[in-house]
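If you want the building blocks of each chain, they are given just below.
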Amino acid sequence: MANYLFTYHGGGIPETEEEGAKVMAAWEAWMGSLGTALVEPGNPVGPSATIAADGSTAPSQGPDTVTGYSIVSADSLDDALALAKGCPIRDDGGSVEVGEITPM
């Protein structure tokens, strides 16, 4: 069994309290469905910036901007991908990048 980093990209910010409550309920239901596979629920990520190889910096923006993360445990990358398919960020146009965490 290995741990996998779910990196969330994109998605939107709810415009009303009602929309926010609906989004939170969807996330809570999905995370609850992960059961013991959920190692670390993670957090949203706020404004960020990127440092390029030449040392220049720029605000991170666009659909590839990291907006949050979680850590799950799974038997394989395919199993982790199956868990990620239910993520509610996909309902809002976002995506989930899944990568195995390599112990050092």
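Here the structure is a predicted model, which is why all the values come from computation and not from measurement.

(A) Representation of the side chain of Ser 70 in the model. The residue Ser 70 is located in strand β5 (residues 66–74) in this model. Of note is the side chain of Ser 70, whose polar atom sits 2.7 Å from the side chain of Tyr 8. Beyond its immediate chain neighbours, meaning those up to four positions away, Ser 70 contacts Tyr 4, Leu 5, Phe 6, Tyr 8, Met 31, Glu 40, Pro 41 and Gly 42.

(B) The arrangement of the packing of aromatic side chains in detail. One pass over the full model with this rule turns up 4 aromatic pairs. Their ring planes at 75° and their centres at 6.5 Å tell us that Tyr 8 and Trp 30 sit as a pair that is edge-to-face. Separated by 22 residues along the polypeptide, Tyr 8 in strand β1 (residues 2–9) and Trp 30 in helix α1 (residues 17–33) bring together distant segments of the chain. Considered together, Tyr 8 and Trp 30 belong to a single accessibility category, that of buried residues. Ring plane angle 80° and centroid distance 5.7 Å describe the contact between Trp 27 and Trp 30, whose orientation is recorded as edge-to-face. A residue pair is termed a helical-turn pair when its members lie 3 or 4 positions apart in one helix, as Trp 27 and Trp 30 do in helix α1 at 3 residues. When its relative accessible area of 18% is taken as the criterion, Trp 27 is described as buried. Trp 30 sits in the buried class, given a relative accessible area of 6%.

(C) Region of the structure containing the nonpolar core. Tyr 4, Phe 6, Tyr 8, Trp 30 and Val 96 are the most contacted members of the largest nonpolar core, which has 16 residues in total. Among the elements of the structure, β1, α1, β5, α2 (77–84) and β6 (95–100) are those that each provide at least two residues to this core. Among the elements that take part in this core, β1 stands out by supplying 4 residues, more than any other. Once residues within four sequence positions are removed from consideration, Val 96 is found in contact with Phe 6, Thr 7, Tyr 8, Ala 84, Cys 87 and Ile 89.

(D) Local environment of the sheet that holds β1. One open sheet accounts for 4 strands, arranged β2-β5-β1-β6; its pairing is antiparallel. The open sheet terminates on both sides in strands that have one partner only, identified here as β2 (38–44) and β6. Neighbouring strand axes in the sheet, compared pairwise and without regard to direction, differ in orientation by 15° on average. Inspection of the sheet shows β1 paired to β6 by 6 bridges, in the antiparallel sense. Opposite His 9, over in β6, you have Ser 95 as the bridge partner. Here α1 sits on the sheet and contacts β1, β2 and β5; the angle it forms with β1, its principal contact strand, is near 165°.

Criteria and cut-off values
- Residues numbered from 1 in each chain as written.
- Predicted model: local features only at pLDDT ≥ 70, side-chain atom pairs only at ≥ 80, totals over all residues.
- Heavy atoms only, no water.
- Helix = DSSP H or I, 4+ residues; strand = E, 2+ residues; numbered from the N terminus.
- Polar contact = N/O pair within 3.5 Å; in protein donor to acceptor, adjacent residues only side chain to side chain.
- Contact = heavy atoms within 4.5 Å.
- Phe/Tyr/Trp six-rings, centres within 6.5 Å; stacked < 30°, edge-to-face > 60°.
- Buried < 20%, exposed > 50% of the residue type's maximum accessible area, 1.4 Å probe, protein only.
- Core = buried A, V, L, I, M, F, W, Y, C linked by side-chain atoms within 4.5 Å.
- Pairing = 2+ DSSP bridges.
- Axes fitted to C-alpha atoms, helices over the stretch in contact; angles between N-to-C directions.

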